There are 8 protein chains.
Amino acid sequence: MKRIVKKKAPLAVGIVMGSISDAGVIAETENLLKKFGLSYKKTVASAHRSPDLVKQFIRQCEAQGAKVFIAAAGGAAALPGVVAAETSKPVIGIPIESALLGLDSLLSIVQMPGGVPVATVAVGKAGAKNAAILAAQIIATSNARLAQVLISYKKEQREKVIADAKKLQGLPS
Amino acid sequence: MKRIVKKKAPLAVGIVMGSISDAGVIAETENLLKKFGLSYKKTVASAHRSPDLVKQFIRQCEAQGAKVFIAAAGGAAALPGVVAAETSKPVIGIPIESALLGLDSLLSIVQMPGGVPVATVAVGKAGAKNAAILAAQIIATSNARLAQVLISYKKEQREKVIADAKKLQGLPS
Amino acid sequence: MKRIVKKKAPLAVGIVMGSISDAGVIAETENLLKKFGLSYKKTVASAHRSPDLVKQFIRQCEAQGAKVFIAAAGGAAALPGVVAAETSKPVIGIPIESALLGLDSLLSIVQMPGGVPVATVAVGKAGAKNAAILAAQIIATSNARLAQVLISYKKEQREKVIADAKKLQGLPS
Amino acid sequence: MKRIVKKKAPLAVGIVMGSISDAGVIAETENLLKKFGLSYKKTVASAHRSPDLVKQFIRQCEAQGAKVFIAAAGGAAALPGVVAAETSKPVIGIPIESALLGLDSLLSIVQMPGGVPVATVAVGKAGAKNAAILAAQIIATSNARLAQVLISYKKEQREKVIADAKKLQGLPS
Amino acid sequence: MKRIVKKKAPLAVGIVMGSISDAGVIAETENLLKKFGLSYKKTVASAHRSPDLVKQFIRQCEAQGAKVFIAAAGGAAALPGVVAAETSKPVIGIPIESALLGLDSLLSIVQMPGGVPVATVAVGKAGAKNAAILAAQIIATSNARLAQVLISYKKEQREKVIADAKKLQGLPS
Amino acid sequence: MKRIVKKKAPLAVGIVMGSISDAGVIAETENLLKKFGLSYKKTVASAHRSPDLVKQFIRQCEAQGAKVFIAAAGGAAALPGVVAAETSKPVIGIPIESALLGLDSLLSIVQMPGGVPVATVAVGKAGAKNAAILAAQIIATSNARLAQVLISYKKEQREKVIADAKKLQGLPS
Amino acid sequence: MKRIVKKKAPLAVGIVMGSISDAGVIAETENLLKKFGLSYKKTVASAHRSPDLVKQFIRQCEAQGAKVFIAAAGGAAALPGVVAAETSKPVIGIPIESALLGLDSLLSIVQMPGGVPVATVAVGKAGAKNAAILAAQIIATSNARLAQVLISYKKEQREKVIADAKKLQGLPS
Amino acid sequence: MKRIVKKKAPLAVGIVMGSISDAGVIAETENLLKKFGLSYKKTVASAHRSPDLVKQFIRQCEAQGAKVFIAAAGGAAALPGVVAAETSKPVIGIPIESALLGLDSLLSIVQMPGGVPVATVAVGKAGAKNAAILAAQIIATSNARLAQVLISYKKEQREKVIADAKKLQGLPS
């Protein structure tokens with residue numbers, strides 16, 4: 001397991017993906033967590049092929065102070081719900097694209113029964129980015145510095161839209 | 001936990017449902033298992049609200065010789081896959097009807113990743129009946145008496161169709 | 001606007017629903033927030049019929065210290081995304097059932113573009129309950145007492161499953 | 001912001017797209033507006049990343065006399081509805097293709113609540129062409145010259161079908 | 001055929017429904033057209049059972065000055081497209097609910113080929129209301145009085161939301 | 001318009017496609033009609049862009065004795081229903097693949113109201129082949145020679161399956 | 001098996017339904033076949049529970065001169081395709097409504113592989129009516145009297161629309 | 001027909017595919033059956049183009065002692081259900097991907113009526129792998145050696161996940 005950013009900071013986010021083939025999508029999550037200065041651990045652990053490892057990873061992350069979990073899976077995507085079953089921390093679920101376009105992944109993640117929420121984001125890379133932002137928003141509810149970072153990030157996005165508008169209109173940016 | 005039919009017979013089937021509200025659908029399964037003379041244990045155990053109980057029930061059933069598992073769940077129906085993660089016995093999954101018509105339940109159960117099958121049957125009561133028949137077919141692969149019972153059951157169904165045809169045509173059955 | 005629980009406590013959650021017809025579903029959210037001792041404000045404010053009121057409600061809630069927003073809407077359910085556009089706080093989206101079963105509501109809420117997450121929960125009442133729990137989980141990342149409450153709630157749910165299992169098996173609970 | 005066709009003509013159409021990646025699709029709209037001699041302004045402005053710019057663009061267009069708005073977006077496509085919330089002019093919504101084939105975009109745009117219509121056209125390039133024609137049809141309700149242009153355009157299309165029929169049959173066109 | 005509001009005013013809107021069973025939904029359209037002071041003619045005329053009558057109704061309405069058409073149909077809902085084939089006026093399509101929830105109606109109406117737009121609104125009664133508002137918005141592009149009526153209507157809706165918010169919060173309205 | 005096979009034979013089948021881009025799919029239909037010795041006329045004629053030409057083509061084909069019509073279209077595929085509205089001959093509808101996979105085309109064609117059937121076949125090339133076979137089956141109800149041809153064709157297909165089975169098993173065919 | 005209308009006439013249509021619960025829907029088919037003076041035989045015979053009876057019924061009907069088959073089934077609706085596998089006569093498939101709205105039934109019937117068509121009509125009662133009309137249209141390709149009956153029926157439907165239009169407009173019919 | 005693995009062992013599994021184009025997907029099934037030391041016969045036999053061959057293959061396999069059948073088909077995928085109609089052995093159905101993503105194949109296979117189960121697995125290659133595992137699990141209910149093989153296979157998969165996790169984390173495996 002890999003620790004990122006600063007050595008002594010308690011762990012912020014634990015990331016589980018159901019298959020190593022999801023790593024490309026999760027790179028979007030990692031890039032943004034790094035940008036926000038949030039430490040994370042990541043692993044591959046399957047709800048169906050290694051359920052004990054899922055549980056073990058959650059326990060390790062919690063012991064290191066993890067505040068949020070992110071779980072990504074495709075198809076019959078049980079992983080985010082299985083993570084949510086094992087922790088009382090917020091769990092963010094990313095539906096991975098599949099042969100059925102990720103509609104199966106999405107429904108498997110979002111339609112959780114009353115009592116055990118999974119905070120579901122969009123299918124694929126947009127969702128992977130948003131998982132990082134949502135994790136940061138959650139941690140920022142008690143971290144004023146991070147809250148400022150997110151306000152700046154929101155402004156950055158707005159400025160990016162303005163730049164795109166100028167580009168579209170053939171104006172100098 | 002309840003043992004049915006004969007006292008000393010090893011357990012044939014373990015049935016898990018994700019919610020007590022599924023009991024009405026599962027009654028269809030129970031009726032047919034009884035008809036086929038197959039012993040079963042049943043419980044409510046949620047993949048999301050009591051994952052340890054799912055595992056514990058599987059271990060108990062296996063210790064008593066269970067040959068097949070049946071798992072029923074609706075919505076983000078992780079239960080059948082979670083059962084399949086914990087056993088090498090065949091697992092039959094019944095998708096329960098939901099606000100999204102059970103399409104979410106179906107996709108959550110059938111779209112399992114390569115390596116961990118769930119034998120999925122139809123949404124709702126038709127599936128619940130078929131789960132019992134499929135369990136019997138599996139056990140009958142090494143039980144000649146049960147194989148005969150299933151051949152008779154197939155004939156019975158054919159005769160029921162003939163009776164329905166006569167009824168439709170206004171003929172005496 | 002209504003303040004609940006204790007007078008001086010800063011506001012925990014702001015709830016916006018797109019139509020007063022969503023109030024019955026949102027009652028599930030309110031019951032659980034009360035159980036968890038979380039203060040909330042609620043309003044009706046439509047992304048399409050009163051966009052300025054949405055913004056104004058967010059500003060008021062933020063001024064009172066709101067840490068999380070919950071937004072519920074059906075059909076072309078823009079409200080949760082519009083709330084997320086106006087705040088850097090975590091926004092939880094509840095898809096309300098519709099003539100298209102809430103599939104339109106779900107997709108309108110969950111498929112947010114990269115940059116602006118909405119933490120989407122299940123369609124209808126299950127989602128409304130989970131919105132409250134997710135809000136509590138978020139606040140509990142910096143509130144040890146609430147974290148304990150959620151651990152207890154998780155145990156309660158497990159015990160409810162055990163009681164249901166006994167009931168199913170005709171045993172005394 | 002760019003003014004097209006003649007300098008002094010009041011603005012006819014305001015076009016907003018949610019992302020610069022939609023520009024290729026919107027080119028179909030622009031080509032037809034030019035063919036019909038209709039002036040337009042276009043911008044990128046996101047309902048989620050720059051809501052104030054959406055409002056500002058609408059106000060600018062209205063000040064210049066815009067009679068119709070066209071808004072294009074994909075995924076959780078709130079933009080057309082958000083435009084419709086800010087103006088009493090007719091708003092045409094173009095669902096952009098997405099990983100879910102644009103079904104999410106379509107439902108997010110067309111399923112508007114009673115009170116705030118969005119005139120929705122087909123997903124993708126066919127819709128982008130039709131948005132231009134619909135805008136022209138709207139303006140032509142009080143512009144006899146443009147009404148004639150549209151009648152000619154209808155004839156052109158019919159003649160194109162006749163030419164295609166001849167081509168199919170191997171006849172000289 | 002029925003003329004409404006004032007005797008000498010030219011006709012504003014022509015309404016065609018595919019079946020008399022759609023009349024209940026269309027009543028929503030009629031109520032709003034009356035509120036906006038817009039004259040209309042209505043008929044039942046099926047694209048599949050009486051195509052000549054559809055054409056004849058369009059010609060009559062156009063002769064009386066109709067500026068907009070509204071067409072409602074369910075299932076394989078060809079009617080709005082068939083109306084659009086026969087006129088260069090804007091055509092608004094209302095998908096009627098069906099055994100497939102109106103998804104068939106919606107796709108049959110909205111997915112028009114490039115060249116022949118139908119301005120599609122939501123499935124069922126919300127769509128029927130919005131068809132009237134959209135028709136009014138179209139006519140208002142050259143009718144300052146009606147434009148004022150629509151601005152007032154927008155305010156009315158906003159006030160209705162405020163009243164609902166007060167009602168929700170138990171405040172006097 | 002092109003007459004195929006023998007000069008004096010009355011016309012068997014009239015084929016209309018909504019767009020020349022459908023010609024590749026319709027080639028499958030033509031190949032089989034030729035194989036069955038059935039004469040046909042084909043044209044491009046759009047329900048939305050040239051409704052009068054659709055009607056005119058039907059009248060021409062009927063005058064030449066056409067017994068069956070085949071109509072192919074994609075998206076809001078009104079064409080087969082519009083053909084069915086104009087003739088009492090059997091009409092076969094082929095849904096063409098679209099950006100929505102042809103699901104829109106399929107529903108637009110198959111969900112006809114009671115009173116006006118369209119005999120719908122599968123989406124795309126499989127449907128195009130089957131349209132030819134179905135047309136031949138219809139004509140064969142009063143043509144014993146053609147009925148024999150179809151019986152032979154059925155045998156051919158069975159033999160093709162046997163050859164494929166041998167190929168699969170590495171046996172000489 | 002029941003013969004209807006005239007004693008000596010050869011059989012026109014063979015109707016198979018997969019379950020006696022489909023009889024209510026098929027009553028719509030029967031009423032229209034009687035109206036058109038077409039003899040028919042009907043039975044219940046399941047592709048899954050009594051495949052030999054399906055084949056036997058087809059052979060009997062063919063021996064009596066049946067020109068068309070109608071097959072109705074719901075869910076995994078194999079029946080129409082299985083009938084088509086056994087005969088070279090035209091086979092009309094009626095998808096019966098199901099817990100998944102009949103979408104499963106529709107796709108199971110319409111998506112036949114190239115080589116074996118099923119002429120699919122709408123889901124439920126509209127389809128059941130249209131199956132009768134389509135059967136009549138097929139038989140009428142070689143029966144001038146029946147062709148006249150169908151032309152009259154088309155007129156009747158048009159007149160019904162006119163009557164409905166008058167009723168809608170409050171005019172005397 | 002081809003016998004694999006050992007000469008004298010009774011046949012374990014009969015595999016039918018609806019088209020030779022499914023052979024690539026079925027290769028996944030074959031690889032795993034070989035790994036598990038299970039003999040199998042395979043053929044191409046279509047429910048629609050060669051129903052008698054389906055029946056004949058089942059009879060041959062049963063005569064050689066087959067314990068389980070695997071049937072793969074796409075589109076209106078009747079084959080698995082037709083196999084289930086002819087045998088009392090367990091039947092596993094693999095939905096093949098199609099132009100409708102395999103959603104048609106899936107629904108055609110899984111939605112079997114009460115009385116005749118098909119054990120449905122995931123669409124495409126994941127399903128093809130799981131069909132082999134499920135077949136092995138079924139046979140292992142009375143074969144202790146095979147049961148051990150499956151337990152080892154489960155461990156192998158878990159170890160593969162561990163190796164993937166190390167690879168992801170840049171650790172030596």
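Shown above is the structure to which this text applies.
Residues numbered from 1 in each chain as written. Chains lettered and ligands numbered in written order. Predicted model: local features only at pLDDT ≥ 70, side-chain atom pairs only at ≥ 80, totals over all residues. Heavy atoms only, no water.

Asker: Please explain the overall build of chain A as it appears in this structure.
Answerer: From N to C terminus, chain A includes six helices and five strands. Each helix and strand of chain A, ordered N terminal to C terminal, gives the series β-α-β-α-β-α-β-α-β-α-α. Relative to the 2.2 N^0.38 estimate, which gives 16 Å for 173 residues, the radius of gyration of chain A is 17 Å and therefore close to what a compact globule would have. For chain A, the proportion of its 173 residues judged to be buried stands at 64%. (Helix = DSSP H or I, 4+ residues; strand = E, 2+ residues; numbered from the N terminus. Rg over C-alpha atoms; globule rule 2.2 N^0.38 Å. Buried < 20%, exposed > 50% of the residue type's maximum accessible area, 1.4 Å probe, protein only.)

Asker: Even after reading the chapter, I still don't get the interface of chain A and chain C, so can you show me in this structure?
Answerer: Accessible area lost upon the coming together of the parts is a frequently used measure of interface size. Chain A puts 38 residues into the contact, and the matching count from chain C is 38 residues. For the pairing of chain A and chain C, the buried interface totals around 3,100 Å² over both sides, and the portion due to carbon and sulfur atoms is 58%. It is Ser-88, Pro-117 and Thr-141 of chain A in chain A that bury the most area against chain C; as a group they hold 20% of the surface buried on that side. For the pair chain A and chain C, the interface holds zero salt bridges. Taken together, the connections running from chain A to chain C amount to 21 residue pairs in polar contact (both at pLDDT 80 or more). Broken down by secondary-structure element, the contributors of at least two residues to the side of chain A that touches chain C are helix 3 (79–86), helix 4 (103–110), strand 5 (119–120), helix 5 (125–140) and helix 6 (144–168) of chain A. Across the side of chain A that touches chain C, the residue classes tally to 22 nonpolar, eleven polar and five charged. (Contact = heavy atoms within 4.5 Å. Buried area = accessible area lost by both parts, 1.4 Å probe. Salt bridge = Lys/Arg side-chain N within 4 Å of Asp/Glu carboxyl O. Polar contact = N/O pair within 3.5 Å; in protein donor to acceptor, adjacent residues only side chain to side chain. Nonpolar A, V, L, I, M, F, W, Y, C, P; charged D, E, K, R; others polar.)

Asker: Mind showing me how you'd approach the relation of the copies chain A and chain C here?
Answerer: Here the second copy of the chain follows from the first by a rotation about an axis and a shift along it. For the pair chain A and chain C, the relating rotation is 180°, the translation along its axis is 0.0 Å, and the fit reaches an RMSD of 0.0 Å. Between the two chains, the operation in question is that of a two-fold axis. Comparing interface residues between copies, 100% of those in chain A also sit at the interface in chain C, which points to an isologous, same-surface contact. (Least-squares fit on C-alpha atoms with pLDDT ≥ 70 in both.)

Asker: When you look at the interface of chain A and chain D in this model, what are you seeing that I'm missing?
Answerer: Taken together, the 13 residues of chain A in the interface contact 17 residues of chain D. Interface of chain A and chain D: buried area, both sides summed, is about 1,400 Å²; carbon and sulfur atoms make up 67% of it. Inspection of the chain A/chain D interface yields one salt bridge. In this structure, Asp-52 of chain D engages Arg-158 of chain A in a salt bridge whose closest nitrogen and oxygen atoms are separated by 2.6 Å. Seen at the junction of chain A and chain D, the total is three residue pairs in polar contact (both at pLDDT 80 or more). Broken down by element, the residue count for the side of chain A that touches chain D peaks at eight residues, all from helix 6 of chain A. Taken together, the residues of the side of chain A that touches chain D break down into seven nonpolar, two polar and four charged.

Asker: Please explain the packing of helix 5 (residues 125–140) of chain C against helix 6 (residues 144–168) of chain C as it appears in this structure.
Answerer: Packed helices, taken two at a time, are described by their axes: the angle between them and the distance between them. Residues and elements named next belong to chain C. Put simply, helix 5 and helix 6 touch, their axes get as near as 8 Å, and they point 140° apart. Considering the angle they form, helix 5 stands oblique to helix 6. Handedness of the helix 5/helix 6 crossing: left-handed. Judged by residue contacts, Lys-129, Ile-133, Ala-136, Gln-137, Ile-139 and Ala-140 of helix 5 engage Leu-146, Ala-147, Leu-150 and Tyr-153 from helix 6. (Axes fitted to C-alpha atoms, helices over the stretch in contact; angles between N-to-C directions. Parallel < 35°, antiparallel > 145°, perpendicular 65-115°, else oblique. Left-handed = near helix turned anticlockwise from the far one by under 90°.)

Asker: Would you explain the pattern of salt bridges in this entry?
Answerer: Where side chains of opposite charge bring their charged atoms close, a pairing between them can arise. Per the stated rule, a full pass over the model turns up 48 salt bridges over all chains. Between Asp-164 of chain E and Lys-160 of chain E there is a salt bridge; the shortest N-O distance is 3.1 Å. One end of the pair, Asp-164 of chain E, and the other, Lys-160 of chain E, are both in helix 6 (residues 144–168), four residues apart, so they sit about a helical turn from each other. Under the relative-accessibility criterion, Lys-160 of chain E is labelled partly exposed at 47%. The structure contains a network of salt bridges with shared partners spanning Arg-59, Glu-62 and Glu-86 of chain A.

Asker: Looking at this model, I keep getting lost on the packing of aromatic side chains. Mind explaining?
Answerer: Think of a pair of aromatic rings as described by two things: how far the centres are apart, and how the planes are tilted against each other in angle. Residues and elements named next belong to chain C. Summed over all chains, the structure comprises eight aromatic pairs over all chains. Judged by centre distance (5.2 Å) and plane angle (85°), the ring pair of Phe-36 and Tyr-153 falls under edge-to-face. Note that Phe-36 is positioned in the loop between helix 1 (23–35) and strand 2 (40–44) and Tyr-153 in helix 6, a separation of 117 residues in sequence. Look at Phe-36 and you get buried, because its relative accessible area is 1%. (Phe/Tyr/Trp six-rings, centres within 6.5 Å; stacked < 30°, edge-to-face > 60°.)

Asker: So what exactly am I meant to see when it comes to the pairing of strand 3 (residues 68–74) of chain G here?
Answerer: Where a strand is regular, its side chains alternate between the two sheet faces. Residue and element names in this part refer to chain G. Strand 3 sits mainly inside the fold: six of its seven residues count as buried. Pairing of strand 1 (residues 13–17) with strand 3, which is carried by five bridges, proceeds in the parallel orientation. Within strand 3, the position partnered with Val-13 by the bridge is Val-68. Relative to strand 4 (residues 91–96), strand 3 runs parallel, the two sharing six bridges. If you follow Ala-71 over to strand 4, its bridge partner there is Gly-93. Taken together, strand 3, helix 3 (residues 79–86) and strand 4 constitute a β-α-β crossover, and its handedness is right-handed. (Pairing = 2+ DSSP bridges. Right-handed = clockwise from strand over helix to strand, strands pointing away.)

Asker: How do you make sense of empty space enclosed by the protein when you look at a structure like this?
Answerer: Empty space among the atoms becomes visible once a probe the size of a water molecule is rolled across them. For the structure on display, the rule yields twelve cavities of 30 Å³ or more. Lining the largest cavity are 34 residues, with Leu-103 of chain B, Leu-103 of chain E, Leu-103 of chain F, Leu-103 of chain G together with Leu-103 of chain H sitting closest to its centre. Elements with a minimum of two residues in the lining of the largest cavity: helix 4 of chain A, helix 4 (103–110) of chain B, helix 4 (103–110) of chain C, helix 4 (103–110) of chain D, helix 4 (103–110) of chain E, helix 4 (103–110) of chain F, helix 4 (103–110) of chain G together with helix 4 (103–110) of chain H. Of the residues belonging to the lining of the largest cavity, the class tally is 32 nonpolar, no polar and two charged. (1 Å grid on protein atoms, 1.4 Å probe; cavity = no way out; pocket = protein on both sides within 12 Å on 5 of 7 lines; lining within 4 Å. Points joined across faces, edges and corners; volume = space filled by probe spheres on them.)

Asker: What should I look at first to understand the relation of the copies chain A and chain D in this one?
Answerer: With an RMSD of 0.0 Å, chain A superimposes on chain D once it is rotated by 90° and translated 0.0 Å along the axis. Given the turn and translation reported, the copies of this chain are related as if by a four-fold rotation axis. Considering only C-alpha atoms, the part of chain A nearest the rotation axis is Leu-101 of chain A, at 5.9 Å. Each copy contacts the other with its own distinct surface, as only 8% of the interface residues of chain A are interface residues in chain D too.

Asker: I'm lost on the arrangement of the chains in this one. Help?
Answerer: If you take every C-alpha in chain B and every C-alpha in chain F, the smallest gap between them is 17 Å, and the two do not touch. The two units chain D and chain G remain apart, with a minimum C-alpha distance of 17 Å.

Asker: I tried to follow the pairing of strand 1 (residues 13–17) of chain D on my own but got confused; where do I start?
Answerer: All names here are of chain D. Of all the five residues making up strand 1, five are buried; the element is thus mostly covered by neighbouring parts of the structure. Side chains Val-13, Ile-15 and Met-17 of strand 1 all project onto a buried face; the interleaved residues Gly-14 and Val-16 project onto the opposite face, where all are buried too. Sheet analysis places strand 1 next to strand 2 (residues 40–44), joined by five bridges and oriented parallel. Within strand 2, the residue paired with Gly-14 across the bridge is Lys-41.

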